[in-house]
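So you can see what is in the structure, the chains are spelled out below.
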Amino acid sequence: MDAKDIENKIHVENLKKSFGPLEVLKDISLDIREGEVVVVIGPSGSGKSTLLRCLNRLEEATAGKIVVDGTDITDKKVNINKVRENIGMVFQHFNLFNNMNIMDNMILAPTQLDKCTKAEATDKAKAMLDRVGLIDKAESFPSQLSGGQKQRVAIARALCMEPDIMLFDEPTSALDPEMVGEVLKVMKDLTEGGMTMVIVTHEMGFAREVADRVIFMDGGYIVEEGTPEELLLNPKEARTKDFLDKVL
Amino acid sequence: MVRIITVYGGLLLSALGRTLLLALLGLFFACIIGLFFGMLSVIKNRVCNIISQIFVDAIRGVPMIVLAFFIYFGIPYLFNTIIGGFNITLTALQAGTACLALNCGAYMSEIIRAGIQSVDVGQMEAARSLGLSYGKAMKKVVLPQAIRTMIPSIINQFIITLKDTSILSVIGFPELVNTAKNVQANTFMAFQTWAIVGVMYLIVITILSRSAKMLERRLNVGR
């Protein structure tokens, strides 16, 4: 393995992903540094969610290499569960465990994976819930929370594993407009803590505010990437311009 | 009617006890078989999926009475006579339990498969993304939710299995129907005998379905 692969937090090389005859990711190469906040934008069907899901192997790469923290996760022999402990993921539809209250949602993984005792996990969960402003909901069930609250819990739950990478798959797309802000605020706080983050979103304003780099994907390729100013204000590629004209 | 109850009541009650014993044994093994084949049908492995499907199709495609004869008479004949060198005899209870377990197990397997598939895949993905293994995610997150939706169908299957024990009178197990046939033969009081037997089944099954309703309500707390 090259020194370069280890230096970068995430290294993606010639990644291809097909679902049957449908080729969703055609040839993706990408490097993400430690502490970098990368926002991925693009039209639906462009492969951005699939790329994100390949990074923690929720989708198996068809070809290519993905190195996370020096571990090649496309290697079948790698214990992916161990790698995932360091990669938090937040989903569009929250995916809180419906059979448990909020506290149990938070402590399930840390206690099941023997990261700490139940008391320690509970303390940490309380701190995390406090951080996202939901300490009073510890005993509630997911069905009793609003969308925005659920997503804040989902972020806090991922943080309980103390990951050093966080993946966000359209975290605000399923929310009512008035709840988007509260979730983005929690995410913004995270960027200030130096977390490596990859965010798939349609929130262009948010991208401009927090991203170190914005990536525009279309048709299974990375079409263009750059700083938010470069990409969002002065796109070079016609396809990027076209997309931004439609969403801005 | 009164004479049957006073003279044969005890006999019929002990036959009901054997019916329940047979049903319980059958259901116990059916749960294991059902969970096993149900899991085989949901894991990501083509061979396992196909094995499970073949099992379910085979059992569902054969009437239970044929399965009962096949196990009770066919299997010992296969080993003792066709292959030779064995001396297998199955008791009616053993054959009956196996028959119920296989039959009910196939249906349970389908109920469990449907129950697991009814849980949003996002639940499994979220658990896996936190680093939990497939098994732990299944046990802690998916199955508890699947069971809630499975409960009504499982109870229904339990009731069907309890009633299906009557089919096993054909291999001579002295359960309720078989015993009642003897009572009728002794007394010639067909109407009274079968009315009593019908009411006995009715009472047991009503108790079962009522307690199932209560269980369902309790499990729905916090949903």
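Each value, and the rule that gives it
- Residues numbered from 1 in each chain as written.
- Chains lettered and ligands numbered in written order.
- Predicted model: local features only at pLDDT ≥ 70, side-chain atom pairs only at ≥ 80, totals over all residues.
- Heavy atoms only, no water.
- Salt bridge = Lys/Arg side-chain N within 4 Å of Asp/Glu carboxyl O.
- Buried < 20%, exposed > 50% of the residue type's maximum accessible area, 1.4 Å probe, protein only.
- Helix = DSSP H or I, 4+ residues; strand = E, 2+ residues; numbered from the N terminus.
- Contact = heavy atoms within 4.5 Å.
- Buried area = accessible area lost by both parts, 1.4 Å probe.
- Pairing = 2+ DSSP bridges.
- Axes fitted to C-alpha atoms, helices over the stretch in contact; angles between N-to-C directions.
- Polar contact = N/O pair within 3.5 Å; in protein donor to acceptor, adjacent residues only side chain to side chain.
- Phe/Tyr/Trp six-rings, centres within 6.5 Å; stacked < 30°, edge-to-face > 60°.
- Lys NZ or Arg CZ within 6 Å of the ring centre and 35° of its normal.
- Left-handed = near helix turned anticlockwise from the far one by under 90°.
- Nonpolar A, V, L, I, M, F, W, Y, C, P; charged D, E, K, R; others polar.

**Considering the pattern of salt bridges**
Residue and element names in this part refer to chain A.
Here is step 1 of the chain: On inspection of all chains with the given rule, the structure shows 22 salt bridges over all chains.
Here is step 2 of the chain: Its salt-bridge partner being Glu36, residue Arg33 comes within 3.6 Å of it at the nearest N-O pair.
Here is step 3 of the chain: On the basis of relative accessibility, which here comes to 4%, the residue Glu36 falls in the buried class.
Here is step 4 of the chain: Between Glu162 and Lys124 there is a salt bridge, with the nearest N and O atoms lying 4.0 Å from each other. Remark: Lys124 occurs in helix α5 (residues 118-131) and Glu162 occurs in the loop between α6 (147-159) and β7 (165-169); sequence separation between them is 38 residues.

**Observations concerning the interface of chain A and chain B**
Buried accessible area, meaning the area lost when the parts come together, often serves as the stated size of an interface.
Here is step 1 of the chain: Each partner contributes residues to the interface: chain A has 25 residues there, and chain B has 19 residues.
Here is step 2 of the chain: Overall, the association of chain A and chain B removes approximately 1,900 Å² of surface from exposure, summing both partners, and the carbon and sulfur fraction of that is 55%.
Here is step 3 of the chain: A per-residue breakdown of the area chain A buries against chain B is headed by A:Phe97, A:Asn99 and A:Gln112, which together make up 28% of the total.
Here is step 4 of the chain: In this assembly, chain A and chain B are joined by one salt bridge.

**Thoughts on the sheet that holds strand β6 (residues 87-90) of chain A**
All names here are of chain A.
Here is step 1 of the chain: Pairing in this open sheet of six strands is mixed, and the strands run β6-β7-β8-β3-β9-β10 from one edge to the other. Only two strands of the sheet have a single neighbouring strand rather than two, namely β6 and β10 (221-226). Taking the axes of each pair of neighbouring strands and ignoring which way they run, one obtains an average angle of 15° across the sheet.
Here is step 2 of the chain: As judged from the four bridges shared by strand β3 (residues 37-41) and strand β9 (residues 213-218), these two strands associate in the parallel manner. Residue pairing in the sheet places Val39 in a bridge with Val214 of β9.
Here is step 3 of the chain: Against the sheet, helix α10 (residues 238-247) engages β3, β9 and β10, with an angle of about 100° to β9.

**Some remarks on the side chain of B:Ser52**
Here is step 1 of the chain: Here B:Ser52 shows up in helix α2 (residues 46-60).
Here is step 2 of the chain: Beyond its immediate stretch of four places on either side in the chain, B:Ser52 contacts B:Phe37, B:Leu40, B:Ser41 and B:Ser109.

**Topic: helix α4 (residues 102-112) of chain A**
Here is step 1 of the chain: The buried count for α4(A) comes to nine of eleven residues, which makes it a mostly enclosed element.
Here is step 2 of the chain: Taken as a whole, α4(A) has its buried residues at A:Ile102, A:Met103, A:Asn105, A:Met106, A:Ile107, A:Leu108, A:Ala109, A:Pro110 and A:Gln112.
Here is step 3 of the chain: Taken together, the buried residues of α4(A) touch α5 and α6 of chain A together with α6 (134-164) of chain B.
Here is step 4 of the chain: The N-cap residue of α4(A) is A:Asn101: its side-chain oxygen and the backbone nitrogen of A:Met103 are 3.2 Å apart.
Here is step 5 of the chain: In the segment just after α4(A), A:Asp114 is the residue with positive phi, at about 55°.

**Describing the packing of aromatic side chains**
Here is step 1 of the chain: Scanning the model with the defined rule gives seven aromatic pairs over all chains in all.
Here is step 2 of the chain: Ring plane angle 40° and centroid distance 5.2 Å describe the contact between A:Phe216 and A:Phe243, whose orientation is recorded as tilted. With A:Phe216 in strand β9 and A:Phe243 in helix α10, this residue pair connects regions lying 27 residues apart in the sequence. Assigned by exposure class, A:Phe216 and A:Phe243 land together as buried.
Here is step 3 of the chain: Relative to B:Phe86, the ring of B:Phe79 has its centre 5.2 Å away and its plane inclined at 80°; by these criteria the two rings are edge-to-face.
Here is step 4 of the chain: B:Phe86 sits in the partly exposed class, given a relative accessible area of 42%.
Here is step 5 of the chain: What links up through ring pairs into an aromatic cluster is the set B:Phe36, B:Phe37 and B:Phe55.
Here is step 6 of the chain: If you follow A:Lys17 out to its NZ or CZ, it ends over the ring of A:Phe19, 4.8 Å from the centre.
Here is step 7 of the chain: It is A:Arg157 that lies over the ring of A:Phe97; its NZ or CZ is 4.3 Å from the centre.

**Here's the deal with the sheet that holds strand β5 (residues 71-72) of chain A**
Residue and element names in this part refer to chain A.
Here is step 1 of the chain: Within the open sheet, the four strands sit side by side as β2-β1-β4-β5. Their pairing is antiparallel. Across the chains shown, the open sheet's two edge strands, defined by having one partner strand only, are β2 (22-32) and β5.
Here is step 2 of the chain: Bridging between strand β1 (residues 10-19) and strand β4 (residues 63-68) involves five bridges; their strand directions are antiparallel. Across the sheet, residue His11 finds its bridge partner in β4, namely Val67.

**Considering the packing of helix α5 (residues 121-129) of chain B against α6(B)**
Residues and elements named next belong to chain B.
Here is step 1 of the chain: Across the interface, α5 lies against α6 with an axial gap of 9 Å and an inter-helix angle of 145°. In the crossing of α5 with α6, the sense of the turn from one axis to the other is right-handed. Counting all contacts with α5, which are made through Gln123, Met124, Ala127 and Arg128, the residues of α6 involved are Tyr134, Ala137, Met138, Val141, Val142 and Gln145.
Here is step 2 of the chain: Within the contact of α5 with α6, the residues separate by chemical class into seven nonpolar, two polar and one charged.

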